[in-house]
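Residue-level structure breakdown
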Amino acid sequence: MASSIRGRAVRLLDNFINQTLVLSTRNISRSLSENSIRGDYQGCQSSVLLTSETRGRARSSYRRLSSAGRALRQVQEPGRQASPLSPAHRVSLIDTDLRHMFDDIKKELESQFELQEIAKYYFDGQGKAVRPLITVLMSRAINTHLHDEDRLFNTQWQVAKVTEMLHTASLVHDDVLDASDTRRGKPSVNNLYGQRKAVMAGDYILSVASTMLARIRNEEVIVVLSQVLSDLVQGEFMQLGSKENENERFAHYLKKTFKKTASLIAYSCKAVAILSGADDSLQEVAFQYGRNVGIAFQLVDDLLDFVSSSSTMGKPTAADLKLGLATAPVLFACEKFPELNPMIMRRFQEPGDVQKAFELVHKSDGLEQTQFLARQHCQEAIKVISTLKPSEEQKALITITDKVLNRIK
């Protein structure tokens, strides 16, 4: 069982690599300004002030990141040279892996017919499964570090599935709150079944995930993953408001980003470290890796909302502006275009606000600064995970940071 799950993790990584490495460099490059970058903001561990020299290095690094994917497309297993899989073979492996993981989840969700149909709707194998993938790789990396064996404990595999269920439940609720019509290129669950049934289905997924978590029978893990639920709700509340003080906005944004996105990855990594028998310092390594990758993932997501197409994203673009949300590109753009500040406070509700804000972001260096900040967080993730004993899974966790930066959806 452990061996087959290890194979799934490696193949899921292959899936993630092949989905993210076809970067639309031309589109993003057109969107990135050639102006200076000033990245000193509150809420991060350090301030970044780019001189002309470091600005050049940032652009050079961006170009390297944009082209790095071409060489990595040949990678099948982390750290091993492999011949490319044929498209049919690759799809077969990916479908098999996703079916195994999502079939396990669907069995847990069996209930009265319509409820289970709605609850299972997003567990169709169309997601990237990034969170369970990172959780499995972190489990094996720490098991190798502590026990010199890369086996995966069954309790850690349960955490990986719970992680995907918590994420999916949050998507269901987000789509209800945002009245989204599409998700992953198909009608959203609330669009098909209505708001009330979608809310209840999201609650049902959370309840089943909580039951699975209780079956792990580890009080510390239950406490850690329960924090994720608290953070998700708090992050949603934070998203409803905006700080009047311009200097506090970025700190507010980063805190909200942690709670809504990074918390789940960070605490899942910490949970599997606990199950490995890790001490506090090693648990912190796992947590900080997940935290930094999670924040970088959201920063790139916010960037893609301005530069990617709706067909690529599988959902409408410029969606955040239409929802009244000021994300990193907008907050960075405020430095050059202070007229964005009143738009932020009125949540882009006046006619023309969304289009004007969209144009100003593209005229500023906000997209480039967002990309640079995401890269900083990925570098921090690499720094902490590099303290682990070398293993294929540790190398894969390092590789994932590249994929996060270069993804197109």
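Residues numbered from 1 in each chain as written. Predicted model: local features only at pLDDT ≥ 70, side-chain atom pairs only at ≥ 80, totals over all residues. Heavy atoms only, no water.

**A short note on the overall build of the chain**
A count of helical and extended segments in the chain gives 19 helices and four strands. Counting only residues that meet the buried cut, the chain has 56% of its 409 residues in that class. Considering only intrachain contacts with a sequence separation of at least 6, the fraction spanning at least 24 residues in the chain is 76%. Of the roughly 17500 Å² of accessible surface on the chain, 50% is carried by carbon and sulfur atoms. (Helix = DSSP H or I, 4+ residues; strand = E, 2+ residues; numbered from the N terminus. Buried < 20%, exposed > 50% of the residue type's maximum accessible area, 1.4 Å probe, protein only. Contact = heavy atoms within 4.5 Å. Areas by Shrake-Rupley, 256 points an atom, 1.4 Å probe, with all protein chains shown as cover.)

**Some thoughts on helix α9 (residues 195-215)**
Residues separated by three or four positions in an α-helix point in the same direction, a consequence of the helix having 3.6 residues per turn. Taking 1.5 Å of rise per residue, the 21 residues of α9 would be expected to cover 30 Å, and the 31 Å separating its terminal C-alpha atoms lies within 8% of that figure. Those residues of α9 that sit buried are Ala198, Ala201, Gly202, Tyr204, Ile205, Val208, Ala209, Met212 and Leu213. Where α9 ends, the next residue or the one after it, arginine 217, has phi of about 60°, a positive value. (Expected span 1.5 Å × (residues − 1).)

**Looking at the environment of glutamine 376**
Relative to the assigned elements, glutamine 376 resides in helix α18 (residues 366-385). Judged by its relative accessible area of 26%, glutamine 376 falls in the partly exposed class. Spatially, the C-alpha atom of glutamine 376 lies 8.2 Å from that of alanine 296, the residues being 80 residues apart in sequence.

**What to know about a nonpolar patch on the surface**
Side chains of Val233, Phe237 and Leu240 sit close together on the surface and give an oily, nonpolar patch of about 350 Å² of accessible area. Tracing the backbone shows valine 233 in helix α10 (residues 219-239). (Patch = residues over 30% accessible without salt bridge, like charges linked within 9 Å, V, L, I, M, F, W, Y side chains within 5 Å. Salt bridge = Lys/Arg side-chain N within 4 Å of Asp/Glu carboxyl O.)

**Some remarks on the nonpolar core**
Note that soluble globular proteins tend to have their nonpolar side chains buried in a common cluster. With 103 residues, the main nonpolar core has Leu109, Ile134, Met138, Met165, Tyr289 and Leu340 as its most contacted residues. Residues within four places of methionine 165 in sequence aside, it is in contact with Ile105, Leu109, Phe123, Ile205, Val208, Ala209 and Met212. (Core = buried A, V, L, I, M, F, W, Y, C linked by side-chain atoms within 4.5 Å.)

**Some points on the pattern of salt bridges**
Within the structure shown, the criterion is met by twelve salt bridges. The salt bridge partner of lysine 186 is aspartate 124, with a shortest N-O separation of 2.5 Å. Separated by 62 residues along the polypeptide, lysine 186 in strand β4 (residues 186-187) and aspartate 124 in the loop between α5 (113-119) and α6 (130-147) bring together distant segments of the chain. Note on aspartate 124: relative accessible area 28%, which makes it partly exposed. In this structure, the salt-bridge partner of lysine 260 is glutamate 236, at a minimum N-O distance of 3.1 Å. One end of the pair, lysine 260, is in helix α11 (residues 246-276); the other, glutamate 236, is in helix α10, with 24 residues separating them in the sequence.

**Description of the environment of glutamate 108**
By the element assignment, glutamate 108 lies in helix α4 (residues 87-108). Residues glutamate 108 and lysine 120, spaced twelve residues apart in sequence, show a C-alpha to C-alpha distance of 10.0 Å. Those residues within four positions of glutamate 108 in sequence are excluded, and the remaining contacts are Tyr204, Val208, Met212 and Arg215.

**Brief notes about the confidence of the model for the chain**
Considering every residue of the chain, the mean pLDDT works out to 79; 74% of them sit at 70 or more. Under a pLDDT of 50 for its full length, residues 17-98 has, in the predicted model, 139 contacts with residues more than four places off or in other chains. (pLDDT = per-residue confidence, 0-100.)

**Section: the side chain of serine 263**
In this fold, serine 263 is placed in helix α11. The class for serine 263 is buried, based on a relative accessible area of 1%. Once residues within four sequence positions are removed from consideration, serine 263 is found in contact with Val228, Asp231 and Phe258.

**Let's talk about helix α17 (residues 353-363)**
By the burial criterion, the buried members of α17 are Asp353, Ala357, Leu360 and Val361. Take α17 and look down its axis: the buried residues cluster within an arc of 100°, on one side only. The secondary structure elements touched by the buried residues of α17 are α12 (280-307), α14 (319-322), α15 (328-333), α16 (340-345) and α18. (Arc of directions from axis to C-beta.)

**Description of the packing of helix α7 (residues 154-178) against α10**
Here α7 crosses α10 at 15°, and the two axes come no closer than 12 Å. As far as their axial angle goes, α10 and α7 are roughly parallel. Handedness of the α7/α10 crossing: right-handed. Here Val159, Leu166, Ser170, Asp174 and Leu177 of α7 lie close against α10, whose contacting residues are Val221, Leu225, Val228, Leu229, Leu232 and Glu236. Residue composition of the contact of α7 with α10, by class: eight nonpolar, one polar and two charged. (Axes fitted to C-alpha atoms, helices over the stretch in contact; angles between N-to-C directions. Parallel < 35°, antiparallel > 145°, perpendicular 65-115°, else oblique. Left-handed = near helix turned anticlockwise from the far one by under 90°. Nonpolar A, V, L, I, M, F, W, Y, C, P; charged D, E, K, R; others polar.)

**Topic: the packing of aromatic side chains**
Summed over the entire model, instances satisfying the criterion amount to nine aromatic pairs. Ring centres of tyrosine 121 and tyrosine 122 lie 5.4 Å apart, and the angle between their planes is 45°; this geometry places the pair in the tilted category. Taken individually, tyrosine 121 and tyrosine 122 each receive the classification buried, so the pair is uniform in this respect. Centre to centre, the rings of phenylalanine 250 and tyrosine 253 are 5.6 Å apart; their planes meet at 80°, and the pair counts as edge-to-face. (Phe/Tyr/Trp six-rings, centres within 6.5 Å; stacked < 30°, edge-to-face > 60°.)

**Thoughts on the packing of α12 against α17**
Contact pair α12 / α17: the axes reach a minimum separation of 10 Å and the direction vectors enclose 110°. Comparing their axes, α17 and α12 come out roughly perpendicular. Every residue of α17 that contacts α12 at Asp305, Phe306 and Val307 is listed here: Phe358, Val361 and His362.

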